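Coordinate inspection notes
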Amino acid sequence: MLAFGVGEASGAFKNMAWGVLLLFYYQQVVGVEAALVGLASRSP
């Protein structure tokens, strides 16, 4: 289980960083409310 977790760490970090970047972009540059961006970016 630990080996699977370590192998997925880089992908999880990339996805988290991309999500934070998109949240910042949509909120600060585009002007969309953070709650709406968070609602739209939730995984199914």
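The structure reproduced in this document is the subject of the present report. (Residues numbered from 1 in each chain as written. Predicted model: local features only at pLDDT ≥ 70, side-chain atom pairs only at ≥ 80, totals over all residues. Heavy atoms only, no water.)

**Some remarks on the overall build of the chain**
Inclusion rule: Only DSSP runs of H or I reaching four residues or more are called helices, and only runs of E reaching two or more are called strands; each is numbered from the N terminus. Exposure is judged per residue with a 1.4 Å probe applied to protein chains only, and the accessible area is read against the type maximum: over 50% gives exposed, under 20% gives buried, and values in between give partly exposed.
What the chain contains, in helices and strands, is two helices and zero strands. Here the chain holds 44 residues, and the buried ones make up 2% of them.

**Describing the environment of Gly38**
Along the polypeptide, Gly38 turns up in helix α2 (residues 34–40). Residues Gly38 and Met1, spaced 37 residues apart in sequence, show a C-alpha to C-alpha distance of 30 Å.

**Some thoughts on the packing of aromatic side chains**
Heads up, the condition is: Aromatic contacts are taken between Phe, Tyr and Trp rings whose centres are within 6.5 Å, Trp giving its six-membered ring; a plane angle under 30 degrees counts as stacked, one over 60 as edge-to-face, and the others as tilted.
Summed over the entire model, instances satisfying the criterion amount to one aromatic pair. For the ring pair Tyr25 and Tyr26, a centre distance of 5.6 Å and an interplane angle of 65° mean the geometry is edge-to-face. Exposure remark for Tyr25: the relative accessible area of 40% places this residue in the partly exposed category.

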